[in-house]
Amino acid sequence: MKQLAKASVLLDENINVLHLDEELIELEFTSETDPKKKYLVSCWGGNWKCDCHDFHYHGLNLEHSSYCCKHLLKGIMYLNNCKKSEIESDEFKTADKVVGNNGC
Ligand SMILES: [Zn+2]
């Protein structure tokens, strides 16, 4: 799957979490080739979407399946890692005061 290889090239530093809760996720990706270019990945009600050309070209034309661009894949991996480290750090500071959602 070549999107997976492409996604693994993207850096966590290029991801900016704009919004993160149970209903809506919004991640802003800075293009690795053009720092002025940004892509918005969002997930609303379980439906993922990206505003890059790749997603627009492939993602919306299929009837019974959807396309995952590298940003979507990377976003999911990023959130997965994020959640893991949140859980791990919570175990370390169980006695500490509970800090509110710090958006990772
Ligand atoms: Zn994309």
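For the structure itself, consult the block above.
This section reports on the structure supplied with the text. (Residues numbered from 1 in each chain as written. Predicted model: local features only at pLDDT ≥ 70, side-chain atom pairs only at ≥ 80, totals over all residues.)

1. Looking at the overall build of the protein chain
The test is simple: Secondary structure follows DSSP: runs of H or I at least 4 residues long count as helices, runs of E at least 2 residues long count as strands, and numbering of each begins at the N terminus. Once C-beta atoms are placed from the backbone, each residue is buried if 20 or more other C-beta atoms lie within 10 Å of its own, exposed if 12 or fewer, and partly exposed for counts between those two. Any pair of residues counts as being in contact when their C-beta atoms, constructed from backbone geometry, are within 7 Å of one another.
Secondary structure summary: the protein chain contains three helices and four strands in total. Along the chain direction, N to C, the helices and strands of the protein chain fall in the order α-β-β-β-β-α-α. Looking at the protein chain as a whole, 19% of its 104 residues are labelled buried. Taking as baseline every contact in the protein chain between residues at least 6 positions apart, the subset at least 24 positions apart corresponds to 34%.

2. Notes on the pairing of strand S1 (residues 15-20)
What counts is decided by this rule: Two strands form a pair only when DSSP identifies at least two bridges running between them.
Note that S1 and strand S2 (residues 24-30) share five bridges and pair antiparallel. By the bridge assignment, Ile15 is partnered in S2 with Phe29.

3. Considerations on the sheet that holds S1
The strands making up a sheet associate through hydrogen bonds between their backbones, and the pairing can be parallel or antiparallel. In plain terms, the rule: Think of each axis as a best-fit line through the C-alpha atoms, taken over the contacting stretch in the case of a helix, with angles from 0 to 180 degrees between the N-to-C directions.
Spatially, four strands are ordered S1-S2-S3-S4 in an open sheet, and the strand pairing comes out antiparallel. Looking at strand neighbours, the two that pair on one side only are S1 and strand S4 (47-50), the edges of this open sheet. For this sheet, the mean angle separating the axes of adjacent strands, direction not counted, is 15°.

4. What about the nonpolar core?
Definition in use: Any nonpolar core is a set of buried residues, restricted to Ala, Val, Leu, Ile, Met, Phe, Trp, Tyr and Cys, that join up through C-beta atoms within 7 Å.
Counting residues in each nonpolar core, the largest one holds 16 residues, and the members touching the most others are Phe29, Val41, Cys50, Cys69 and Leu72. Taken together, the elements giving at least two residues each to this core come down to S2, strand S3 (38-44), S4 and helix H3 (70-92). Once you skip the residues sitting within four places of it in the chain, Cys69 turns out to touch Gln3, Cys50, Cys52, Asp54, Phe55 and Gly59.

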